[in-house]
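In case you want the letters, here they are:
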Amino acid sequence: HELSVRFDPTGIETPIYRRWMDRNAFHVEAADVTAPYVIAIPPPNVTAALHMGHGLNNTIQDVLIRFHRMRGRDAMWIPGTDHAGIATQNVVERDLAKNGLSRHDLGRDRFVERVWEWVDQYGSTIIEQLKTIGCSCDWDRTRFTLDEGLSRAVREVFVRLYEKGLVYRGNYIINWCPRCLTALSNEEAEHQDSRGRLYHLRYPLTGADEEYVVVATTRPETMLGDTAVAVHPSDERHRHLVGRQVELPLVGRLIPVIADEYVDPEFGSGFVKVTPAHDPNDFEIGMRHDLPRVDIMNDDATISDQAPEPYRGLDRFEARKRVLEDLDAQGLLVEVEEHDHSVGHCYRCSTAVEPRLSLQWFVRMKPLAEPALKAYHDGRLRFHPERFGNTYEHWMTNVRDWCISRQLWWGHRMPVWYCQDCGEDIVAREDPSECGCGGTLEQDPAVLDTWFSSWLW
């Protein structure tokens, strides 16, 4: 036989892998283990095929597993996939849209059934691809994050964290995707450098003719929800104005001039608009000064009824255009300049996210991060190369509370019920039938962030 000019792996790899599978070569009985070496696969999601990053990542894991297996250790590589809440729901919704349907046309139960049908049809693609590239996983132990056992574990952990005061519900600024109509964590809002504009606006001071303060903003539409103007307390130029009021243009609301150390006196004019319902830093300023929160945006990023009537129902970018036109017509638009800044985008659909006030569930991360950081400081946790320990230390030191509720239908539903009669919140391991008062219970419609679910992996 002549050698082929090109190497064709299919004729060689497939029968070799089949022999490995027939001999159950990658399985280790737990009872027989004396020298374990285990890797739990970072679970790829069920929405699509593997990419080159997966190929590299899994090849490195396979090298480690095979190396220790050949050294005589009981090496086991645990495979599985996660349900990818937002991504999977988006895929199925796009499929429904081809027939002019939305998930709301089906209702929650039928939509979830439709997603399961999709997962049953396409969810095994990644597993088969891992086999094709030769991964020596213990396939008998394959798991999916929505399997019954894993689902029980997720619910148990949620309840335990709640009982320890580490899970709570609160009204805070979160990243909101107006396309996916759900909250996102900070990590799911991917920031991209963008060329935008910085708009300088005049706010008239009350009790004085032709006196203004000038604020600068990249999101002029949010000025409809301003509840203060702030200066730095040591800013000699403007300190005398603290305690005065300005009239909020286009709205007519009187708002105070306050002093707060967050303000950068070198930025713009030294004045900043404060919109507690639409900016995380403004939210903190609002907490310190007990400012009201005016949410001027609906879930789909149109302007809400909290704004003046001419802007209600407009898309946020159309509202921006209209606000600027109206300010300009009143002589209150001072200057527009080009401005490079970082804008958060949804990691799944690339829509610009909207920071906004929302009632969500959170995990308190500081108490969970402290023992993880101590393990690093004690030398029990080591990084190779060592410099990545600095990154880890930065993460654990600057960690913020994690928003874990998602306004989706696909995933682990929140094990939380609200009494419609007495208002009590019930967090339970088993579904309750009624409140202690005998009132009607309604389960929270949200699901847990996929990362909370696969976190237990």
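Whatever comes next refers back to the structure up there.
Keep in mind that this is a model prediction, so the values were computed, not measured.

About the cut-offs
- Residues numbered from 1 in each chain as written.
- Predicted model: local features only at pLDDT ≥ 70, side-chain atom pairs only at ≥ 80, totals over all residues.
- Heavy atoms only, no water.
- Salt bridge = Lys/Arg side-chain N within 4 Å of Asp/Glu carboxyl O.
- Helix = DSSP H or I, 4+ residues; strand = E, 2+ residues; numbered from the N terminus.
- Buried < 20%, exposed > 50% of the residue type's maximum accessible area, 1.4 Å probe, protein only.
- 1 Å grid on protein atoms, 1.4 Å probe; cavity = no way out; pocket = protein on both sides within 12 Å on 5 of 7 lines; lining within 4 Å.
- Points joined across faces, edges and corners; volume = space filled by probe spheres on them.
- Nonpolar A, V, L, I, M, F, W, Y, C, P; charged D, E, K, R; others polar.
- Contact = heavy atoms within 4.5 Å.
- Axes fitted to C-alpha atoms, helices over the stretch in contact; angles between N-to-C directions.
- Parallel < 35°, antiparallel > 145°, perpendicular 65-115°, else oblique.
- Patch = residues over 30% accessible without salt bridge, like charges linked within 9 Å, V, L, I, M, F, W, Y side chains within 5 Å.
- Areas by Shrake-Rupley, 256 points an atom, 1.4 Å probe, with all protein chains shown as cover.
- Lys, Arg positive; Asp, Glu negative; His and termini not counted.
- Charge placed at Lys NZ, Arg CZ, Asp CG, Glu CD.

A few points about the pattern of salt bridges
Point 1. Within this structure, the stated rule accounts for 26 salt bridges.
Point 2. The salt bridge partner of arginine 66 is aspartate 62, with a shortest N-O separation of 3.1 Å. Placement of the pair is arginine 66 and aspartate 62 together in helix 2 (residues 52-70), with a separation of four residues, close to one helical turn.
Point 3. Residue aspartate 62 is classed as buried on the basis of its relative accessible area, which comes to 9%.
Point 4. Within the structure, one salt-bridge network assembled from shared partners comprises Glu156, Arg160, Glu163 and Arg429.

Observations regarding empty space enclosed by the protein
Point 1. Applying the stated criterion across every chain yields a total of one cavity of 30 Å³ or more.
Point 2. Taken as a whole, the largest cavity encloses approximately 40 Å³ of empty space.
Point 3. Secondary-structure elements contributing two or more residues to the lining of the largest cavity are helix 3 (85-97) and strand 20 (447-448).
Point 4. Here the residues of the lining of the largest cavity sort into six nonpolar, two polar and three charged.

Things to note about the side chain of threonine 81
Point 1. Here threonine 81 is to be found in strand 3 (residues 80-81).
Point 2. Among the residues examined, threonine 81 registers a relative accessible area of 7% and is labelled buried.
Point 3. Those residues in contact with threonine 81 that lie beyond four places of it in its chain are Pro43, Pro44, Val46, Ile126, Ile127, Arg143, Phe144, Thr145 and Trp457.

Quick word on the packing of helix 3 against helix 5 (residues 108-122)
Point 1. Their axes nearest at 10 Å, the elements helix 3 and helix 5 cross at an angle of 100 degrees. By the angle between their directions, the pair helix 3 and helix 5 is classed as roughly perpendicular. Contact with helix 3, carried on its side by Thr88, Gln89, Val91, Val92, Glu93, Asp95 and Leu96, involves Phe111, Arg114, Val115, Trp118 and Val119 of helix 5 and no other residues of that element.
Point 2. Here the residues of the contact of helix 3 with helix 5 sort into seven nonpolar, two polar and three charged.

Digging into a negative patch on the surface
Point 1. Together, Asp300, Asp315, Glu318, Glu325 and Asp328 give the surface a local cluster of negative charge.
Point 2. Inspection of the secondary structure assignment puts glutamate 325 in helix 9 (residues 316-329).

These results come straight from atomic positions and should not be treated as a statement about function.
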